[in-house]
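Descriptive analysis of the structure
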Amino acid sequence: MPERAEAESGSGPTPLSALSTVAGSLLTIASTFIGLTAVTFVIGRVMPVDPVLAIVGDRASQDVYDRVFLELGLDRPLYEQYWRYLMQLFRGDFGTSIMTAQPVLQDLIRFFPATLELATLATLVGVLAGVPLGVVAAVRQGRLTDHLVRIFGLFGYSVPIFWLGMVALLIFYGALGWLPGPGRIEVYYDGIVAPVTGFIVIDAAYAGEWEIVRNALSHLVLPVAILSTYALAYIARMTRSFMLDQLRQEYMLTARVKGLSERAVIWRHAFRNVLVQLITIIGLTYASLLEGSVLTETIFAWPGIGQYITHSLFNSDMNAVLGGTIVVGISFVGINMLSDLLYKMVDPRARA
Amino acid sequence: MTFPALRGAREYLLSGAPRSALQARCQRVWFSWRTFSANPVAVAGLLIVLALVSAAVIAPWITGSDGLDPELSRRLLPPSAAHWFGTDELGRDIYDRIIWGARITLYIVTLVGAIVVPIGLLIGTIAGYVGGIVDTVLMRITDIFLAFPRLILALALVAALGPGIENAVIAIALTTWSPYARIARAEALTLRGSEFILAARAQGASTGGILLRHITPLCVSSVIVRLTLDMAGIILTAAGLGFLGLGAQPPTPEWGAMISTGRQFLLDQWWVPTIPGIAIFIVSLGFNLLGDGLRDVMDPRHNA
Amino acid sequence: MKAQSRTLLEVEGLNIRYPTPRGAVEAVRNVSFTLGREKLGIVGESGSGKTQTGRAILRLTETHARVRADKLHFDGIDLLAANEQTMRRIRGRRISMIMQDPKYSLNPVMSVGEQIAEVFRVHSGAPARKARRRAVEMLDSVRIRDPERVYRAYPHEVSGGMGQRIMIAMMMTPNPDIIIADEPTSALDVTVQLQVLALLDDMVSDNGMGLIFISHDLELVASFCDRVVVMYAGQVVEVVDAGALHQARHPYTRGLLNCLPRIGTHGRDLPVLQRRSSWAAGISPRNRHA
């Protein structure tokens with residue numbers, strides 16, 4: 001019987017194909033990483049007229065200058081320099097920051113949680129609000145809800161986030177006084193809670209300082225709301241468009257023929273297909289918020305990696321800038337890889 | 001060329017059997033325009049973009065000053081009949097600066113487009129048409145750039161090259177070209193084996209000629225749609241760099257930089273940082289609306 | 001021939017129109033037929049309104065379609081007047097439909113078994129384990145070997161023939177009174193077509209269901225069904241007993257019969273199917289759209 005053969009040939013991934021999938025994604029990660037470091041290498045070591053000066057600053061003594069010159073191996077050929085650079089990165093050696101006089105890696109570990117906190121919460125808001133909005137808009141295509149969602153989507157797509165943050169501060173902090181101003185926490189609470197995870201809310205809860213938890217949360221409201229504007233707009237728009245696409249499919253008719261309620265038809269049948277496509281979109285959003293937080297952090301004086309990079313930039317602190325770039329780049333690659341993996345797990349068609 | 005008289009124009013455009021390639025093309029454009037113009041939102045987008053272009057072109061005639069010279073006697077005046085959008089901290093007319101700023105915005109997006117599209121088309125068509133190892137390598141590179149954090153990379157690049165519009169443009173272009181390569185590659189892949197390409201090759205056309213004359217023109221509509229939709233993102237990124245002080249430098253009336261310098265007056269002279277923000281918003285909204293409309297006309301598959 | 005002991009479905013004067021910016025399109029006009037526990041074929045070219053007729057019975061035409069009928073009764077229920085809840089209890093449970101291509105009609109991200117079990121659970125409220133057992137039984141009953149394995153498979157992992165068996169299993173699960181099969185074999189390979197048809201025939205006969213078999217293939221329908229409704233341009237032009245098909249009088253039906261090639265008759269051009277607007281105009285000339 002032909003059916004038997006079919007059932008067998010289509011049953012799950014063979015070990016070999018699974019192996020090649022893993023190898024494929026490893027290759028992607030490796031090549032992206034090499035590309036990323038090559039670019040930062042070019043930016044840091046090749047482009048500046050004097051890379052040593054770019055690193056030590058113009059106030060350094062001749063001794064320091066010479067030492068760094070040799071450390072960088074600037075007397076060696078370029079490919080060897082790149083190799084050494086790569087090896088340094090693998091050891092976690094991003095150089096020392098001029099500004100903080102500490103290893104860049106340590107700085108990054110200190111600043112990164114604030115950014116992660118902001119981007120994660122904003123993505124969460126974007127997903128929790130954007131997905132239902134997109135679904136409802138698609139189901140009610142052409143009606144008021146749909147128009148409102150589309151208008152909001154266009155707004156979120158077109159508004160300069162840093163400007164919106166500024167205006168929101170003016171209104172909710174300056175004029176109404178409903179929400180606290182810039183910063184992660186009120187100054188007088190600063191330094192009370194010992195950093196364990198680096199996320200103030202968690203650390204304060206861990207220490208039982210509920211006053212501080214509340215204060216930290218209230219400081220999160222505005223920046224998260226602002227940062228999530230784009231996420232919300234993008235996710236709602238994509239959800240709507242995916243959903244419309246699914247509603248046209250023939251298996252929607254099948255689901256209705258089976259006598260399912262409209263809710264089951266939409267959420268169990270259409271939405272499951274939408275969800276598969278949304279994984280990639282959510283991953284992209286998360287990644288872009290991680291870097292988009294640079295501007296939001298500037299507005300809200302948020303001590304995250306974006307602010308670290310911009311401050312370093314104005315102090316010509318090249319090691320810090322490039323270190324930050326690499327960390328954000330790696331998070332980018334990591335998130336994309338993760339969403340790719342998740343996609344392959346959820347979509348039966350991609351599993352083979 | 002004999003152009004049909006105006007009375008015959010309608011028939012020329014609507015006749016079911018076009019008699020020349022020109023007529024067929026005119027008809028296609030006409031029908032696209034009819035679909036497009038039936039969509040008021042898209043037309044609004046077009047009007048905004050046209051307004052931006054005309055403001056940039058006729059700036060000298062519709063402004064009272066070049067928006068650069070300080071006039072300290074009239075610092076921070078609120079909006080009035082004399083100064084529609086008020087004046088900034090150096091007494092410069094904000095309306096004038098916004099209009100002149102249109103030139104900078106247009107300059108940035110045009111420059112980015114002019115860099116990104118040819119590079120993307122070149123890499124994409126070669127990858128798709130030649131195939132094999134060339135395709136693999138080129139697409140691997142494209143993917144690498146696709147996976148880059150745009151703003152952060154722009155920051156790093158500006159850190160090395162120094163702030164300025166041109167460097168901001170290079171930074172943006174570096175992270176924008178890859179989708180165009182993907183579009184062009186997809187187009188080239190589907191066309192590679194088609195009859196008319198084979199025919200062109202049989203007539204002795206070179207690979208370069210085929211790419212340029214046969215494949216590239218067919219990518220144009222997708223590229224235009226994509227570029228229009230990308231414009232808003234480019235404008236926002238450029239404004240963001242300007243805001244961080246890494247794009248256009250003072251006293252250039254770049255909108256992002258205007259927000260940045262006006263920021264300290266937010267509480268008492270709200271108009272100084274608010275007006276440029278609205279300008280950025282309207283222009284990127286215009287490009288988004290236009291892009292959506294164009295996509296509906298040119299790429300009906302995405303019609304959602 | 002089976003006795004048409006009881007009429008299950010009565011369709012009288014069914015009209016379906018689609019309002020468009022350029023005036024209404026009449027997809028179905030004044031269609032009438034009845035169905036008992038028998039096999040009824042509906043034949044016509046694409047666009048003749050046969051699919052629309054099938055969907056109207058389940059009230060699953062597009063939302064902007066206007067459906068009117070003098071009578072659209074199923075087992076004493078007025079289908080046009082019934083509320084949505086009543087319709088949901090009829091759909092799947094009592095009237096079911098099999099679509100053309102399992103590649104599109106099965107949900108790509110749900111396992112085959114889950115989709116079959118779902119229909120059982122919705123109508124019986126049975127617990128998951130019982131539904132699962134039932135789904136496996138159904139897969140077995142449509143002659144799929146190793147049903148446990150297919151239960152876990154996804155639609156893209158099965159062939160068209162197997163997909164259509166799965167579709168049949170799914171739609172037969174609640175043991176409905178009427179099955180509407182809309183071109184159920186058109187997307188399949190010729191060799192598989194006959195297997196699927198035989199299966200469908202057995203399932204319908206064994207369970208004493210009524211079948212509406214929608215197809216463009218007159219010969220196939222005639223060999224498979226008891227009676228044949230011939231549709232043209234949204235109207236019924238003729239209703240004939242399958243056995244008496246070759247005595248059909250209407251020129252359109254005759255045209256459909258004659259345009260098939262026969263092996264062994266050389267040198268004769270196949271006649272082109274004649275179409276006369278007068279056939280379509282017969283009943284309500286006012287509604288004919290240009």
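Just so you know, these numbers come straight off a predicted model, no measurement behind them.

1. What about the nonpolar core?
One finds Ile43 and Phe162 of chain A together with Ile108, Leu155, Ile215, Leu241 and Trp255 of chain B to be the most contacted residues of the largest nonpolar core, which totals 163 residues. Here the element with the most residues in this core is helix H5 (residues 94-130) of chain B; it accounts for 17 residues. Each of domain 1 (15-93) and domain 2 (106-351) of chain A accounts for three or more of the residues forming this core. Setting aside its immediate chain neighbours within four residues, Leu155 of chain B contacts Val294, Ile309, Thr310 and Leu313 of chain A together with Leu241, Leu244 and Leu246 of chain B.

2. Examining a nonpolar patch on the surface
Residues Val42, Val46, Met47 and Leu78 of chain A together with Leu161 and Ile170 of chain B make up a contiguous nonpolar surface patch of about 450 Å² in total accessible area. Along the chain, the position of Leu78 of chain A falls in helix H5 (residues 78-90).

3. Quick word on the sheet that holds strand E3 (residues 39-43) of chain C
Residue and element names in this part refer to chain C. Read from one edge of the open sheet, six strands run E7-E8-E9-E3-E10-E11, paired in mixed fashion. Each having just a single partner strand, strand E7 (95-98) and strand E11 (235-241) make up the two edges of the open sheet. Neighbouring strand axes in the sheet, compared pairwise and without regard to direction, differ in orientation by 20° on average. One ladder, built from five bridges, connects strand E8 (residues 178-182) with strand E9 (residues 210-215); its direction is parallel. Bridge pairing links Ile179 to Leu211 in E9. Contacts from helix H1 (residues 50-57) reach E3, E7, E8, E9 and strand E10 (227-232) within the one sheet, and its direction differs from that of E9 by about 150°.

4. With respect to the interface of chain A and chain B
Each partner contributes to the interface: chain A provides 43 residues, whereas chain B provides 41 residues. Taken together, both faces of the contact between chain A and chain B bury some 3800 Å²; the carbon and sulfur share is 78%. Area buried by chain A at its contact with chain B is led by Phe162, Trp163 and Met166 of chain A, which between them contribute 15% of it. Where chain A packs against chain B, one counts one salt bridge. Put simply, Arg237 of chain A and Asp292 of chain B hold a salt bridge, and the shortest N to O gap is 2.9 Å. Taken together, the elements giving at least two residues each to the side of chain A that touches chain B come down to helix H2 (15-46), helix H7 (144-158), helix H8 (161-175), helix H10 (210-247), helix H12 (262-299), helix H13 (305-314) and helix H14 (318-346) of chain A.

5. Some words on the confidence of the model for chain B
On average, residues of chain B carry a pLDDT of 85, and 95% of them reach 70 or more. In the model of chain B, helix H1 (residues 6-14) of chain B stands out as the element of lowest mean pLDDT, 72, in contrast to H5 of chain B, which has the highest, 92.

6. Side note on the packing of aromatic side chains
Residues and elements named next belong to chain C. Counted under the stated rule, the structure contains 19 aromatic pairs over all chains. Between Tyr232 and Tyr252, the ring centres sit 4.6 Å apart and the planes meet at 50°, which makes this aromatic pair tilted. Taken together, the residues Tyr232 in strand E10 and Tyr252 in helix H10 (residues 251-258) connect sequence positions 20 residues apart. Comparing Tyr232 with Tyr252 shows no difference in burial state: the two are buried. The ring of Phe224 has Lys39 lying over it, and the distance from NZ or CZ to the ring centre is 5.2 Å. The lysine or arginine in question, Arg132, covers the ring of Tyr151, its NZ or CZ lying 4.2 Å from the ring centre.

7. Quick notes on the interface of chain C and chain A
You'll often see interface size given as the accessible area lost when the parts meet. Taken residue by residue, the interface counts 38 residues in chain C and 29 residues in chain A. Across the interface of chain C and chain A, roughly 3000 Å² is buried in total on both sides, 58% from carbon and sulfur atoms. Viewed at the interface, chain A and chain C are joined by three salt bridges. In this structure, the salt-bridge partner of Arg272 of chain A is Glu114 of chain C, at a minimum N-O distance of 3.0 Å. Inspection of the region where chain C meets chain A yields 12 residue pairs in polar contact (both at pLDDT 80 or more). For the side of chain C that touches chain A, the secondary-structure elements that each account for two or more residues are E7, helix H3 (102-105), helix H4 (112-124), helix H6 (147-152) and helix H7 (160-172) of chain C. The greatest single-element share of the side of chain C that touches chain A, amounting to six residues, is contributed by H4 of chain C. Classifying every residue of the side of chain C that touches chain A gives 18 nonpolar, eight polar and 12 charged.

The rules we used
Residues numbered from 1 in each chain as written. Chains lettered and ligands numbered in written order. Predicted model: local features only at pLDDT ≥ 70, side-chain atom pairs only at ≥ 80, totals over all residues. Heavy atoms only, no water. Core = buried A, V, L, I, M, F, W, Y, C linked by side-chain atoms within 4.5 Å. Buried < 20%, exposed > 50% of the residue type's maximum accessible area, 1.4 Å probe, protein only. Helix = DSSP H or I, 4+ residues; strand = E, 2+ residues; numbered from the N terminus. Domains from an automatic or database assignment. Contact = heavy atoms within 4.5 Å. Patch = residues over 30% accessible without salt bridge, like charges linked within 9 Å, V, L, I, M, F, W, Y side chains within 5 Å. Areas by Shrake-Rupley, 256 points an atom, 1.4 Å probe, with all protein chains shown as cover. Salt bridge = Lys/Arg side-chain N within 4 Å of Asp/Glu carboxyl O. Pairing = 2+ DSSP bridges. Axes fitted to C-alpha atoms, helices over the stretch in contact; angles between N-to-C directions. Buried area = accessible area lost by both parts, 1.4 Å probe. pLDDT = per-residue confidence, 0-100. Phe/Tyr/Trp six-rings, centres within 6.5 Å; stacked < 30°, edge-to-face > 60°. Lys NZ or Arg CZ within 6 Å of the ring centre and 35° of its normal. Polar contact = N/O pair within 3.5 Å; in protein donor to acceptor, adjacent residues only side chain to side chain. Nonpolar A, V, L, I, M, F, W, Y, C, P; charged D, E, K, R; others polar.

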